[in-house]
Amino acid sequence: MSNLLKAPGRIRLVALFFGLTGCFPATLPTLEAPPALSRLNELADANISFTVDSAPVEGHRGYQFLTVLPVPRVYTPDIDREVSDQLSIQAGLKGYRLVPTDSAKKPSYSLSVTVEDLTVSGYCYLLVRRPHSDIRLKGVIRSPDGTVVRECSGSGEATYTAKFAFADELNEARRIALTQAAVELVACLELPKIG
């Protein structure tokens, strides 16, 4: 141990490592549901049955990079609920309530969404952190008889410079990217506005 402390190069390396620890979360907390969600659900005039499939992005979502070295993996716990919340906001703005398929009481239009890609990473340099997220959603809307009405994709991407790349900053990049993807997907689906 005393040899380690005497070596100036190692001390600098250890100091640099601790200086770069503005990065290093492992599991991100779940994004909070947007505050307007319950109100939009109350005001909705029509239901669309809804499912989310996040199987294509199971496992870790990205890394915290220490310059170019991937250090810890980044995980997100509840992507299905987060995608549902963001899409529910966009559908709610058009007068629709997204309900789980098993809760739909009568035949209705149905929307199935697949999370095709999701990345959440933090890039940590000496004085700068770059939280980054991108997501790609694919949606298929079907009529009550099961006929495909429309297939669409929506994608979002967010990268910005921050003092830290902790959970809050990574979640902000993730929230921005997810919101962009939800807006693009619902716009592409061309749901007629109700009300």
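Along each chain, the written sequence defines residue order, and numbers are assigned to residues from 1. Local features are withheld for residues below a pLDDT of 70 in this predicted model, meaning they are given only at 70 or higher, and side-chain atom pairs are given and counted only at 80 or more; totals for whole chains, interfaces and linings count all residues. Side-chain metrics in this entry use all non-hydrogen atoms of the structure; hydrogen atoms and water are not considered.

**Q** Please set out the overall build of the chain residue by residue, giving values where relevant.
**A** What the chain contains, in helices and strands, is 5 helices and 7 strands. Working definition: helices are DSSP H or I runs of at least four residues, strands are E runs of at least two. Numbering for both runs from the N terminus. Counted from the first residue to the last, the chain has its helices and strands arranged as α-α-α-β-β-β-α-β-β-β-β-α. For every residue, the accessible area obtained with a 1.4 Å probe (protein chains only) is divided by the maximum for its type, and the residue is called buried under 20%, exposed over 50%, and partly exposed between those limits. The 195 residues of the chain split such that 41% are buried. Note on contacts: a residue pair qualifies if any of its non-hydrogen atoms lie within 4.5 Å across the two residues. Long-range pairs, those at least 24 residues apart, make up 75% of the contacts in the chain with a sequence separation of at least 6.

**Q** Please set out helix H4 (residues 79–92) residue by residue, giving values where relevant.
**A** Side chains that are three or four residues apart share a direction in an α-helix, a result of its 3.6 residues per turn. Expected span, for any helix, means 1.5 Å times one less than how many residues it has. Taking 1.5 Å of rise per residue, 14 residues should cover 20 Å, and H4 covers 19 Å from first to last C-alpha, within 8% of that figure. Among the 14 residues in H4, 12 count as buried, and that is most of the element. Taken residue by residue, H4 has Ile-79, Glu-82, Val-83, Ser-84, Asp-85, Gln-86, Leu-87, Ser-88, Ile-89, Gln-90, Ala-91 and Gly-92 as its buried positions. Taken together, the buried residues of H4 touch helix H3 (37–43), strand S1 (46–53), strand S4 (96–100), strand S5 (110–124), strand S6 (129–142) and helix H5 (167–189).

**Q** I'd love a proper account of the state of the cysteines, names of residues and values included.
**A** Two cysteine sulfur atoms make up a disulfide if the distance between them is within 2.5 Å. Within the structure shown, the criterion is met by 1 disulfide. Disulfide pairing is shown between Cys-152 and Cys-188; the S-S distance is 2.2 Å. Linking Cys-152 and Cys-188, the disulfide has an S-S dihedral of approximately -80° and is accordingly described as left-handed. Within this pair, whereas Cys-152 is found in strand S7 (residues 148–159), its partner Cys-188 is found in helix H5, the two being separated by 36 residues in sequence.

**Q** Lay out the pattern of salt bridges with the relevant residues and their values.
**A** Salt bridge criterion: a side-chain nitrogen from Lys or Arg within 4 Å of a carboxyl oxygen from Asp or Glu. Counted according to the given criterion, the structure contains 8 salt bridges. In this structure, Arg-81 engages Asp-78 in a salt bridge whose closest nitrogen and oxygen atoms are separated by 3.6 Å. For Asp-78, a relative accessible area of 29% translates into the label partly exposed.

**Q** Which residues make up the pairing of S1, and what values do they have?
**A** One face of the sheet, then the other: side chains in a regular strand alternate in exactly this way. In this sheet, S4 lies alongside S1 in parallel orientation, the contact comprising 5 bridges. Note that in S4 the partner of Phe-50 across the bridge is Pro-100. Pairing between strands requires that DSSP locate at least two bridges from one strand to the other. The sheet contact formed by S1 and S5 spans 5 bridges and is parallel. What sits directly across from Thr-51, in S5, is Ser-112.

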